Amino acid sequence: MPKKPGTNPKGEFAFFNVVYEDGSQRSNRRVPTELLGGLDGDEPARGFIMEQDREISEKAGRPPMKIKSISRVGAKKK
């Protein structure tokens, strides 16, 4: 059943695209915005996503893939 518009608070999550060493990509991985910012910028997102991947791979019974790069969705490339 679809959610009503406006039921999700804006700015609660930041979204990231993740590229793995095998060349595969996962889009729109959610990271709580409270972890981001400050002096570390988006770097804490890597640790959060790695923890998510570890939990997912544990349930699936296979080793986690190594992350090659992460980038915030909608961010301009440097």
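What this report covers is the structure whose coordinates are included nearby. Just so you know, these numbers come straight off a predicted model, no measurement behind them. (Residues numbered from 1 in each chain as written. Predicted model: local features only at pLDDT ≥ 70, side-chain atom pairs only at ≥ 80, totals over all residues. Heavy atoms only, no water.)

Take the nonpolar core next. Ala14, Phe16, Val18, Tyr20, Val31, Leu36, Ala45, Ile49 and Ile67 form the largest nonpolar core, which has 9 residues in total. Of all the elements in the fold, those that place two or more residues in this core are strand E1 (13–20) and helix H1 (43–60). For this core, the leading source of residues is E1, giving 4 residues. Every residue in contact with Ala45, bar those within four places of it in the chain, is listed here: Phe16, Val31, Leu36 and Ile70. (Core = buried A, V, L, I, M, F, W, Y, C linked by side-chain atoms within 4.5 Å. Buried < 20%, exposed > 50% of the residue type's maximum accessible area, 1.4 Å probe, protein only. Helix = DSSP H or I, 4+ residues; strand = E, 2+ residues; numbered from the N terminus. Contact = heavy atoms within 4.5 Å.)

In this structure, Phe48 sits in helix H1. The spatial distance from the C-alpha of Phe48 to the C-alpha of Arg30 is 9.4 Å, given a sequence separation of 18 residues. The contact partners of Phe48, leaving out residues within four places of it in the chain, are Arg30, Val31, Pro32 and Leu35.

A few words on the environment of Ser27. Looking at the element boundaries, Ser27 is found in strand E2 (residues 25–32). Separated by 43 residues in the primary sequence, Ser27 and Ile70 have C-alpha atoms spaced 9.8 Å apart. In this structure, Ser27 is in contact with Phe16 and Asn17, ignoring residues within four places of it in sequence. One polar contact links Ser27 to Gln25, side chain to side chain, over a distance of 3.4 Å. (Polar contact = N/O pair within 3.5 Å; in protein donor to acceptor, adjacent residues only side chain to side chain.)

Once that is clear, we can look at the sheet that holds strand E3 (residues 67–72). Two pairing modes exist for strands in a sheet, parallel and antiparallel, and in both the strands are linked by backbone hydrogen bonds. Across the sheet, 3 strands lie side by side as E2-E1-E3; this open sheet has antiparallel pairing. The sheet is open, and its two edges are formed by E2 and E3, each paired on a single side. Sheet twist, expressed as the mean angle between neighbouring strand axes with direction ignored, is 35°. Here E1 pairs with E3 via 5 bridges, running antiparallel. (Pairing = 2+ DSSP bridges. Axes fitted to C-alpha atoms, helices over the stretch in contact; angles between N-to-C directions.)

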